[in-house]
Amino acid sequence: MTDSLFDLSGRVAVVTGGMGQLGSAYAAELAARGMQVAIFDRETEPGSGVADLSSERIRSFEVDVTERAAIERATDEVVSEWGVPHLLVNNAGIDAPPDAPAAEVGPFEDVPEEAFDRVMDVNVKGTLLCCQVVGRRMAAAGRGSIVNISSIYGLLSPVQSLYDFRREVGETFVKPVAYSVSKSAVLNLTRYLATYWAQSGVRVNTLTLAGVANEQPEAFVEAYEARLPLRRMAAPGDYVGPIVFLASDASAYMTGANLVVDGGWSAW
Ligand SMILES: NC(=O)c1ccc[n+]([C@@H]2O[C@H](COP(=O)([O-])OP(=O)(O)OC[C@H]3O[C@@H](n4cnc5c(N)ncnc54)[C@H](O)[C@@H]3O)[C@@H](O)[C@H]2O)c1
């Protein structure tokens, strides 16, 4: 029996950041459900340990989401080959890398402007540009679903004590502010666009996630899991169902919302 509520076959998706840990899991599952999937990523090869992207329904486009011309070019190709996308998942995102220069993970008072701008550029402006370029075509077609990815750190402050293990070995480490600010901005970009496009048939929602296990130091994982009601970090598969739900007609009456899938993190 096919379930028409969740049926995505024959539809077209754009997944930004699809070469990464979570985006590759979304792309693989959407393709398995019969969607044509365009990955917009500045990388054209999958990173190690990511989901299998060998499906012939998946195509990769080299796109930096901070560059409008590149998004336009790739979107035009997708439209001419497969038609106007039904789904856009704004998943490309960056945080300060684990080996970030000391100043970037130092006290808030001294965070370098350039580090703040870099994160805001990808996480906020990149999301906005993809919404402009792909959303415009969806609105003209009179349908579409946009999913903007946020984080519990965009809803709530990071818990700085989770990083005590770094301080205990003499490092200065403050979880930087830019990621949190950028992921909060996504929440209201979503609401703004949900109302802006409500009459055009384009739904816009946020999916808010908690941390995914990815070979983090044991001390971090222990502290993180102790803070989580479900007592485990997420696996990429935990977020695939919510993506399918937001992509499909099962969420037809949902727009401007924030679906929080966080193992209970925000419940206490
Ligand atoms: N992993 C987590 O614990 C977690 C938790 C909450 C939210 N999120 C969010 O989920 C999303 C995916 O996270 P992930 O863990 O899979 O990250 P990841 O680093 O594995 O993948 C991110 C992908 O985005 C791409 N990317 C980065 N900058 C880009 C740019 N300018 N243009 C195009 N592509 C670009 C990278 O090349 C990479 O393939 C991010 O938005 C992240 O903030 C992740």
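Residues numbered from 1 in each chain as written. Predicted model: local features only at pLDDT ≥ 70, side-chain atom pairs only at ≥ 80, totals over all residues. Heavy atoms only, no water.

Description of the nonpolar core
Link 1 in the chain: By size, the foremost hydrophobic cluster in this structure holds 44 residues, and its most contacted members are Tyr26, Leu30, Val37 and Tyr224.
Link 2 in the chain: Of all hydrophobic cores here, the second largest spans 31 residues; its members include Ala74, Cys130, Ala178 and Trp197. (Core = buried A, V, L, I, M, F, W, Y, C linked by side-chain atoms within 4.5 Å. Buried < 20%, exposed > 50% of the residue type's maximum accessible area, 1.4 Å probe, protein only.)

Quick notes on the pattern of salt bridges
Link 1 in the chain: This structure, assessed with the given rule, holds 12 salt bridges.
Link 2 in the chain: With a closest N to O distance of 3.1 Å, Asp249 and Arg11 form a salt bridge. Of this pair, Asp249 sits in the loop between α8 (240-247) and β7 (258-261) while Arg11 sits in the segment before β1 (12-16), placing them 238 residues apart in sequence.
Link 3 in the chain: Classification of Arg11 as buried rests on a relative accessible area of 19%.
Link 4 in the chain: Among the salt bridges present, the one from Lys125 reaches Asp121, with a minimum N-O distance of 3.7 Å. Here Lys125 and its partner Asp121 are both found in helix α3 (residues 113-141), four residues apart, which amounts to about one turn of the helix.
Link 5 in the chain: Using a relative accessible area of 31% as the deciding quantity, one classes Asp121 as partly exposed. (Salt bridge = Lys/Arg side-chain N within 4 Å of Asp/Glu carboxyl O. Helix = DSSP H or I, 4+ residues; strand = E, 2+ residues; numbered from the N terminus.)

Comments concerning the side chain of Asn123
Link 1 in the chain: By the secondary structure assignment, Asn123 is in helix α3.
Link 2 in the chain: Here Ile94 takes part through its backbone nitrogen, which lies 2.9 Å from a polar atom of the side chain of Asn123.
Link 3 in the chain: With residues up to four places along the chain from it excluded, the contact list for Asn123 reads Ala92, Gly93, Ile94, Tyr179, Ser182, Lys183 and Val186. (Polar contact = N/O pair within 3.5 Å; in protein donor to acceptor, adjacent residues only side chain to side chain. Contact = heavy atoms within 4.5 Å.)

Side note on the pairing of β1
Link 1 in the chain: Most of β1 sits inside the fold, with five of its five residues counted as buried.
Link 2 in the chain: The side-chain alternation of β1 yields two buried faces, one formed by Val12, Val14 and Thr16 and the other by Ala13 and Val15.
Link 3 in the chain: Pairing geometry for β1 and strand β2 (residues 36-41), over five bridges, is parallel. Bridging from a neighbouring strand, Ala13 pairs with Val37 of β2.
Link 4 in the chain: As for the winding sense of the linkage, the β-α-β connection from β1 through helix α1 (residues 21-32) to β2 is right-handed.
Link 5 in the chain: Of the strand pairs in this sheet, β1 and strand β4 (residues 87-90) are connected by three bridges, and their pairing is parallel. (Pairing = 2+ DSSP bridges. Right-handed = clockwise from strand over helix to strand, strands pointing away.)

Topic: the packing of helix α2 (residues 68-82) against α3
Link 1 in the chain: In the contact formed by α2 and α3, the axes pass within 10 Å of each other and the chain directions differ by 30 degrees. The angle between α2 and α3 falls in the class roughly parallel. You can see that α2 and α3 cross each other, and the crossing is right-handed. Residues Arg68, Ile71, Glu72, Thr75, Asp76 and Val79 of α2 lie in contact with α3, whose contacting residues are Leu129, Cys130, Gln132, Val133, Val134 and Arg137.
Link 2 in the chain: Of the residues contributing to the contact of α2 with α3, the split by class is six nonpolar, two polar and four charged. (Axes fitted to C-alpha atoms, helices over the stretch in contact; angles between N-to-C directions. Parallel < 35°, antiparallel > 145°, perpendicular 65-115°, else oblique. Left-handed = near helix turned anticlockwise from the far one by under 90°. Nonpolar A, V, L, I, M, F, W, Y, C, P; charged D, E, K, R; others polar.)

Section: the site of the ligand
Link 1 in the chain: Around the ligand, the structure places 25 residues, and the nearest of them are Leu22, Asp41, Asn91, Tyr179 and Val212.
Link 2 in the chain: With respect to the ligand, the side chain of Asp41 contributes an N or O atom lying 2.6 Å from an oxygen atom.
Link 3 in the chain: Lys183 places a side-chain nitrogen or oxygen 2.9 Å from an oxygen atom of the ligand.
Link 4 in the chain: Out of a free accessible area of 830 Å², the ligand has 84% covered by protein chains.
Link 5 in the chain: If you tally residues by element for the shell around the ligand, the top one is strand β5 (residues 144-151), at three residues.
Link 6 in the chain: Partitioned by chemical class, the residues of the shell around the ligand number 12 nonpolar, eight polar and five charged. (Near = heavy atom within 4 Å. Areas by Shrake-Rupley, 256 points an atom, 1.4 Å probe, with all protein chains shown as cover.)

Focus on helix α6 (residues 177-196)
Link 1 in the chain: Taking 1.5 Å per residue as the helical rise, α6 with its 20 residues ought to reach 28 Å, and the 29 Å between its terminal C-alpha atoms agrees with that figure.
Link 2 in the chain: Where α6 is concerned, the buried positions are Ala178, Tyr179, Ser180, Ser182, Lys183, Val186, Leu187, Leu189, Thr190, Leu193 and Ala194. (Expected span 1.5 Å × (residues − 1).)

Re unusual backbone geometry
Most of the time, phi is negative for any residue but glycine, and the peptide bond is trans.
Link 1 in the chain: Positioned with a positive phi, Glu215 is a non-glycine residue whose angle comes to about 60 degrees.
Link 2 in the chain: Position of Glu215 relative to the elements: it lies in the loop between β6 (202-209) and α7 (218-227).
Link 3 in the chain: In this model, Arg231 sits at a positive phi of 60 degrees, which is unusual for a non-glycine residue.
Link 4 in the chain: Assignment of secondary structure puts Arg231 in the loop between α7 and α8.

Brief notes about a nonpolar patch on the surface
Link 1 in the chain: Taken together, Leu155, Leu156 and Val260 make up a surface patch of nonpolar side chains, about 200 Å² in accessible area.
Link 2 in the chain: Here Val260 lies in strand β7.
Link 3 in the chain: The exposure class of Val260 is partly exposed, given its relative accessible area of 33%. (Patch = residues over 30% accessible without salt bridge, like charges linked within 9 Å, V, L, I, M, F, W, Y side chains within 5 Å.)

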